[in-house]
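# Structural description and commentary
What follows is the residue order along each chain.
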Amino acid sequence: MLKIQNYINGKLIDPISNNYIDNYEPATGKVFSQIAQSGATDVENAVETARKAFPSWSELSADDRAVCMDKIADLILKNLDELALAESKDNGKPIWMAKQVDIPRASKNMSFFASAIRQFHSEFYQSSNQIYNYVLRQPLGIIGAISPWNLPLYLFTWKIAPALAAGNCVIAKPSEVTPYTAYLFSKICIEAGLPAGVLNIVHGYGGEVGEAIVKHKEIKAITFTGGTSTGKHIAGIAAPMLKKLSLELGGKNPTIVMDDCNYEKTVKETVRAAFANQGEICLCGSRILVHEKIYEQFKKDFIEETKKLKTGSPYDDSSKIGAIVSEQHFKKILSYIELAEEEGGKLLTGGKAFNPGGEFKNGWYIEPTVFEGLPQNCRTNTEEIFGPVATLQSFKNIQEAIELANGTEYGLAASIWTENLSAAHQLAAKVDCGIIWINAWLVRDLRIPFGGMKQSGVGREGGEEALKFFTEPKSVCMKF
Ligand code: NAD
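Below is a summary of the structure that appears in this document. It should be emphasised that the depicted structure is a prediction, and the values quoted were computed from it without experimental measurement.

Quick notes on the rules
Residues numbered from 1 in each chain as written. Predicted model: local features only at pLDDT ≥ 70, side-chain atom pairs only at ≥ 80, totals over all residues. Heavy atoms only, no water. Near = heavy atom within 4 Å. Polar contact = N/O pair within 3.5 Å; in protein donor to acceptor, adjacent residues only side chain to side chain. Areas by Shrake-Rupley, 256 points an atom, 1.4 Å probe, with all protein chains shown as cover. Helix = DSSP H or I, 4+ residues; strand = E, 2+ residues; numbered from the N terminus. Axes fitted to C-alpha atoms, helices over the stretch in contact; angles between N-to-C directions. Left-handed = near helix turned anticlockwise from the far one by under 90°. Contact = heavy atoms within 4.5 Å. Nonpolar A, V, L, I, M, F, W, Y, C, P; charged D, E, K, R; others polar. Pairing = 2+ DSSP bridges. Parallel < 35°, antiparallel > 145°, perpendicular 65-115°, else oblique. Buried < 20%, exposed > 50% of the residue type's maximum accessible area, 1.4 Å probe, protein only. Lys, Arg positive; Asp, Glu negative; His and termini not counted. Salt bridge = Lys/Arg side-chain N within 4 Å of Asp/Glu carboxyl O. Expected span 1.5 Å × (residues − 1).

### Section: the site of the ligand
The environment of the ligand is made up of 29 residues, and the closest members are Ser147, Glu176, Thr230, Leu249 and Glu384. Between an oxygen atom of the ligand and a side-chain N or O atom of tryptophan 149, the distance comes to 2.8 Å. Alone, the ligand offers 850 Å² of accessible surface; in the complex the protein occludes 88% of this. The set of elements that each furnish at least two residues to the shell around the ligand consists of helix H7 (206-215), strand E11 (219-225) and helix H8 (228-238).

### A few points about the packing of H7 against H8
Where H7 contacts H8, the two axes come as close as 9 Å, and the packing angle between them is 35 degrees. For the crossing formed where H7 meets H8, the hand is right-handed. Contacts between H7 and H8 pair Glu211, Val214 and Lys215 from the former with His233, Ile234, Ile237 and Ala238 from the latter. Among the residues forming the contact of H7 with H8, the class breakdown is 4 nonpolar, 1 polar and 2 charged.

### Concerning the sheet that holds strand E20 (residues 435-438)
Taken in spatial order, the 7 strands of this open sheet run E15-E16-E17-E14-E13-E19-E20, and their pairing is mixed. Looking at the sheet topology across the chains shown, the edges are occupied by strand E15 (346-349) and E20. Between one strand axis and the next, the sheet turns through 25 degrees on average, direction left out of account. Here strand E16 (residues 369-372) pairs with strand E17 (residues 389-395) via 4 bridges, running parallel. Each bridged residue has a counterpart across the sheet, and for threonine 369 the counterpart in E17 is valine 389. In this fold helix H11 (residues 327-342) packs onto E15, E16 and E17, with an angle of close to 25 degrees to the strand it touches most, E16.

### Quick look at the packing of helix H5 (residues 152-165) against helix H6 (residues 180-192)
Closest axis-to-axis distance for the H5/H6 pair is 8 Å, and the angle between their directions is 50 degrees. When the axes of H5 and H6 are compared, the pair comes out oblique. Of the two possible hands of crossing, H5 and H6 adopt the one that is right-handed. Here Pro152, Leu153, Phe156, Thr157 and Ile160 of H5 come into contact with H6, specifically with Thr181, Ala182 and Phe185. Residue composition of the contact of H5 with H6, by class: 6 nonpolar, 2 polar and no charged.

### Quick notes on the side chain of arginine 287
As for its position among the elements, arginine 287 is in strand E14 (residues 285-291). Although arginine 287 lies buried, it forms no salt bridge, and the closest oppositely charged side chain, aspartate 432, sits 10 Å away as judged by the N-O distance. A polar side-chain atom of arginine 287 sits 2.8 Å from the main-chain carbonyl oxygen of alanine 405.

### Describing helix H1 (residues 40-59)
In a regular helix each residue adds 1.5 Å, so 20 residues correspond to 28 Å; H1 covers 29 Å between its end C-alpha atoms and thus fits that length. Listing the buried residues of H1 in full gives Asp42, Val43, Ala46, Val47, Thr49, Ala50, Ala53, Trp57 and Ser58.

If you want it as structure tokens, here you go:
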């Protein structure tokens, strides 16, 4: 059976324990590979090799680093089919989505930051003819990167690329739920000639490998994407060590539909925003807030559009909803569906597990589910479910829409659907989220800051924000 090994010092190696964890294919519920169960000693070895690699990697010109990253980007695209199949097998997402979104974006992350580091510049202030001030931006050293399972290679490379571009070495840990493409990525790095030790990928459980990375004294910064409670736990360890921290956490995102929206487009796009990737995107709009004037009609059309989404094998290009990532997560989502009913929600569609039959009969599938009639402050409307479950609520005016939108502890993303420019801008200014879309969802220039406020995180990724995070500014003031 396929063994997912660590990538340390430029080589694929077994974990010191020689223990492996079963890795499941969500589409069938069967084990298809074995993941290295690493621990603190594997992390220590990775740090040692990164320490040795750092001086020469950080002293390369930005262009030389970028050339190597561009090679990796090209190889990702060259291996698109293999990587997409691996992502789909590991995560359960439809293979068409992995081909169109996840894998091309992983390549783009590498080429985008290769290009960004070539353009990166720093500040210079001239105080007088005799006093110059400039800012050196130097790499931090060794970075710890920890990523989740929902967009595996996409988010993994989104962290690694800017850290490497800025001249750091990286110890990275993908989610133990979806490690397969990170393993294939390590083979690509070897093929591209990335110098040994510059990037090390250590597989295993969060409480073992992840925690060892966070606790390691020589690791200067932690870039983490995952759940809010894990993020808080990591901050509890890393903050007293005065490490730099970037935390991209959970969300419970509102979708605000005004009565003057471009109706047909809004129905289609809000359904996509609720259920793309089985609702397992941190940016999915799971709370759909609709102006009371169009609520009943919108509800009818939203349900009709949701019912068109075919749930089924991720390898079938007609499936819009694939398998849920793990049995544990599948049970969690079903428990939230029960909770929504207990809390008095009215089920409008879906609400149960789905069995595609045949070889997929033991996979983990849930029908796209919609509830109405739940107050904003109930658990269904305030806790992150992270699955194909959405709720509909109505509002009377902009003020009430803002209150409902801001009625959770999270503040990651929101989308606003209206043709009224002034309402759009008013909502964008008042809704407390790091990202606001107007008449769109999930389109974004990689140069803008990305991240959440409130319980959705600390810090921003993307473009210059990321390059600033992965460098230490040193102000040099000179009088002559
Ligand atoms: P998770 O927090 O369970 O795990 C994320 C990563 O952290 C995994 O690699 C895991 O092994 C590791 N980890 C777990 N415990 C750890 C510990 N004690 N120390 C160090 N590392 C540890 O999250 P998940 O279930 O993999 O992902 C889903 C969550 O991620 C959702 O809450 C989702 O909203 C969030 N997410 C956020 C964004 C964003 O950009 N804000 C993007 C994607 C996903």
